[in-house]
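The primary structure of each chain is shown beneath.
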Amino acid sequence: MQGSDSQHHGAQSAPVCLIADDSMVIAKGLGRCAESRGWQACLVHNGQDALRALIERASAGLMWDAVFLDDQMPILSGHEAILQFRQWEAQAQAQAQLQHPKQTNVFFITGSGPDGGPVSGAQAGQTMAAPPGFVGVVDGVFIKPINMTQMAGFLDSLAAARRR
């Protein structure tokens, strides 16, 4: 894991995101985008490391302000990682082991279209709602190639919402 912080969210702390993508180019590009907007970014490259980072941070009483998961990664897919985390998160909240009642904001990163097939030129760089079966599990989807200007604006809006 790279760049993880150990501070509780406070008025002065930077927002923190987890970026999980097996493509180093995509992960580093998203990390640079986040850092240019004042975020701290933690990069991992497979679903197992993403799940571990999600659970470790939540177990320490800390939240990720945003999590970006590639849907197709080695060892554990983004789909499998978030389903396992949501199950762990629900159990921990039920047992009052989590200090935050809020659900972590999670977004898929995918090269697949809404139907699971290839992305059309019109879909590339767009965002879409959570896919069927993942409503309430993820908050949205970014389709590769990711429009970094759009991502920067999105990160700014998440950071502004966090300050409220």
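Residues numbered from 1 in each chain as written. Predicted model: local features only at pLDDT ≥ 70, side-chain atom pairs only at ≥ 80, totals over all residues. Heavy atoms only, no water.

Thoughts on the packing of aromatic side chains
To describe a pair of aromatic rings, you give the distance between the ring centres and the angle between the ring planes.
Moving on, step 1. Taken as a whole and assessed by the stated rule, the structure comprises six aromatic pairs.
Moving on, step 2. Aromatic pair Phe 68 and Phe 107: ring centres 5.5 Å apart, planes at 25°, arrangement stacked. Highlighted residues: Phe 68 in strand β3 (residues 66-70) and Phe 107 in strand β4 (residues 106-110), separated in sequence by 39 residues. Like Phe 68, the residue Phe 107 is buried in the burial classification.
Moving on, step 3. Seen from their ring centres, Phe 68 and Phe 142 are 5.9 Å apart, and the 65° between their planes marks the pair as edge-to-face. One end of the pair, Phe 68, is in strand β3; the other, Phe 142, is in strand β6 (residues 140-143), and 74 residues separate them in sequence. Exposure class is identical for Phe 68 and Phe 142. Each is buried.
Moving on, step 4. Taken together, the ring pairs in this structure connect Phe 68, Phe 107, Phe 142 and Phe 154 into an aromatic cluster.
Moving on, step 5. Arg 57 extends its terminal NZ or CZ atom over the ring of Trp 64, reaching a point 4.9 Å from the ring centre. (Phe/Tyr/Trp six-rings, centres within 6.5 Å; stacked < 30°, edge-to-face > 60°. Helix = DSSP H or I, 4+ residues; strand = E, 2+ residues; numbered from the N terminus. Buried < 20%, exposed > 50% of the residue type's maximum accessible area, 1.4 Å probe, protein only. Lys NZ or Arg CZ within 6 Å of the ring centre and 35° of its normal.)

Some words on the packing of helix α1 (residues 24-36) against helix α4 (residues 148-163)
Moving on, step 1. The N-to-C vectors of α1 and α4 enclose an angle of 45°; their axes lie 9 Å apart at closest approach. If you check the angle between α1 and α4, you find them oblique. α1 and α4 meet at a crossing whose hand is right-handed. Along its contact with α1, which presents Gly 29, Leu 30, Cys 33 and Ala 34, the element α4 presents Met 148, Met 151, Ala 152 and Leu 155.
Moving on, step 2. Among the residues making up the contact of α1 with α4, the classes are represented as seven nonpolar, one polar and no charged. (Axes fitted to C-alpha atoms, helices over the stretch in contact; angles between N-to-C directions. Parallel < 35°, antiparallel > 145°, perpendicular 65-115°, else oblique. Left-handed = near helix turned anticlockwise from the far one by under 90°. Contact = heavy atoms within 4.5 Å. Nonpolar A, V, L, I, M, F, W, Y, C, P; charged D, E, K, R; others polar.)

What to know about unusual backbone geometry
Moving on, step 1. Here the bond from Lys 144 into Pro 145 is cis, since omega is -5°, no more than 30 degrees from zero.
Moving on, step 2. Mapped onto the elements of the fold, Pro 145 is located in the loop between β6 and α4.
Moving on, step 3. At Ile 75, a residue that is not glycine, the phi angle is positive and equals roughly 70°.
Moving on, step 4. Relative to the elements of secondary structure, Ile 75 occurs in the loop between β3 and α3 (78-94).
Moving on, step 5. Ile 75 gets classed as exposed once you look at its relative accessible area, which sits at 62%.

Some points on empty space enclosed by the protein
Moving on, step 1. Tallying each qualifying case throughout the model produces one cavity of 30 Å³ or more.
Moving on, step 2. Counted as a void, the largest cavity has a volume near 40 Å³.
Moving on, step 3. Along the walls of the largest cavity sit Cys 17, Ile 19, Leu 30, Ala 34, Phe 68, Met 151 and Leu 155, which together make up its complete lining.
Moving on, step 4. The set of elements that each furnish at least two residues to the lining of the largest cavity consists of β1 (16-20), α1 and α4.
Moving on, step 5. Looking at side-chain class alone, the lining of the largest cavity contains seven nonpolar, no polar and no charged residues. (1 Å grid on protein atoms, 1.4 Å probe; cavity = no way out; pocket = protein on both sides within 12 Å on 5 of 7 lines; lining within 4 Å. Points joined across faces, edges and corners; volume = space filled by probe spheres on them.)

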